[in-house]
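# Structure assessment
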Amino acid sequence: GARRMGPDAERAFGLACLALVLKPGPTPPALSETLLLSMFRLAETTTDPFRAALATPDLDEPTRDALLMSLANAGTPAAADIARTVQGRCSRLGEGLIAVLVARNAGTLAPAELDELMRVAGGAANVAFPVRVQAAWLWMKHSRKTGDALAALAAGARSAEETR
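A few points on the structure. (Residues numbered from 1 in each chain as written. Predicted model: local features only at pLDDT ≥ 70, side-chain atom pairs only at ≥ 80, totals over all residues. Heavy atoms only, no water.)

## Observations concerning helix α4 (residues 61–74)
If you check α4, its first and last C-alpha atoms are 20 Å apart, about what 14 residues at 1.5 Å a residue would give, namely 20 Å. Of all 14 residues that make up α4, ten are buried, and the element is covered over most of its length. Within α4, the full set of buried residues consists of Thr63, Arg64, Asp65, Ala66, Leu67, Leu68, Ser70, Leu71, Ala72 and Ala74. Just downstream of α4 lies Gly75, where phi reads positive at about 70°. (Helix = DSSP H or I, 4+ residues; strand = E, 2+ residues; numbered from the N terminus. Expected span 1.5 Å × (residues − 1). Buried < 20%, exposed > 50% of the residue type's maximum accessible area, 1.4 Å probe, protein only.)

Take a look at the structure:
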């Protein structure tokens, strides 16, 4: 089938999936991946519903993490602004996702935000490996060390080529 249904249908389906995820009780495991992918697409089309969803009283940690994953996947400044509303009240995974999302959209970071990125890159936030790589690169970018990193990589590549 088609990979896209069109923005209006995708938004409606994403909102229905978000409502299902926010219902009390466990999400059926067989639906988890489909729901998450639908929420990812919803966050790409509109982030507004996530502000209210994250403000839901007694929101459980796995659901909050899924909402933050959706916002991180969208990667927009609006997504970062919404994610910041729950910063400091999330699981380590959630805090790591927020740190990366904020860093992707910020001109500068405070020292504490740089420290958090370093922890995420080092594996302290239980995020997926690609997110850890993003955290490492964003730490280098915001620390103004990308030139040094690229020079070290190039030197390593030359060294490896010379030993062949």
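## Considerations on the side chain of Glu95
Along the chain, Glu95 falls in helix α6 (residues 92–105). In this structure Glu95 is buried but unpaired, with Arg92 as the nearest side chain of opposite charge at 5.8 Å. Among the polar contacts made by the side chain of Glu95, one reaches the main-chain amide nitrogen of Arg89 at a distance of 3.2 Å. Within the structure, Glu95 has its side chain in polar contact with the backbone nitrogen of Cys90 (distance 3.0 Å). Here Glu95 is in contact with Val86, Gln87, Gly88, Arg89, Cys90 and Glu116, once residues within four sequence places are set aside. (Lys, Arg positive; Asp, Glu negative; His and termini not counted. Salt bridge = Lys/Arg side-chain N within 4 Å of Asp/Glu carboxyl O. Polar contact = N/O pair within 3.5 Å; in protein donor to acceptor, adjacent residues only side chain to side chain. Contact = heavy atoms within 4.5 Å.)

## A closer look at the packing of α4 against helix α5 (residues 77–84)
A pair of packed helices is captured by two measures, namely the crossing angle of their axes and the spacing between those axes. Contact geometry for α4 and α5: axes closest at 8 Å, N-to-C directions at 155°. As far as their axial angle goes, α5 and α4 are roughly antiparallel. Our pair here, α4 against α5, has a crossing hand that is left-handed. Contacts between α4 and α5 involve Leu68, Leu71 and Ala74 from the former and Ala79, Ile82 and Ala83 from the latter. (Axes fitted to C-alpha atoms, helices over the stretch in contact; angles between N-to-C directions. Parallel < 35°, antiparallel > 145°, perpendicular 65-115°, else oblique. Left-handed = near helix turned anticlockwise from the far one by under 90°.)

## Concerning unusual backbone geometry
The backbone of Asn126 sits at a positive phi, close to 60°, despite the residue not being glycine. Its identity is not glycine, yet Arg144 carries a phi of approximately 60°, on the positive side. Looking at the secondary structure, you find Arg144 in the loop between α8 (129–142) and α9 (146–162). Classification of Arg144 as exposed rests on a relative accessible area of 70%.

## Observations regarding the nonpolar core
With 41 residues, the main nonpolar core has Phe50, Leu54, Leu67, Leu68, Leu71 and Leu117 as its most contacted residues. Among the secondary structure elements, those contributing two or more residues to this core are α1 (7–22), α2 (29–45), α3 (48–54), α4, α5, α6, α7 (111–121) and α8. Setting aside its immediate chain neighbours within four residues, Phe50 contacts Met39, Leu42, Ala43, Leu67, Ser70, Leu71 and Ile82. (Core = buried A, V, L, I, M, F, W, Y, C linked by side-chain atoms within 4.5 Å.)

## Remarks on the packing of α7 against α8
For the pair α7 and α8, interaxial distance at closest approach is 8 Å and the crossing angle is 145°. By crossing handedness, the relation of α7 to α8 is classed as left-handed. Touching Leu114, Leu117, Met118, Val120 and Ala121 of α7 are Arg132, Ala135, Ala136, Leu138, Trp139 and His142, all from α8. Classifying every residue of the contact of α7 with α8 by side-chain character gives nine nonpolar, one polar and one charged. (Nonpolar A, V, L, I, M, F, W, Y, C, P; charged D, E, K, R; others polar.)

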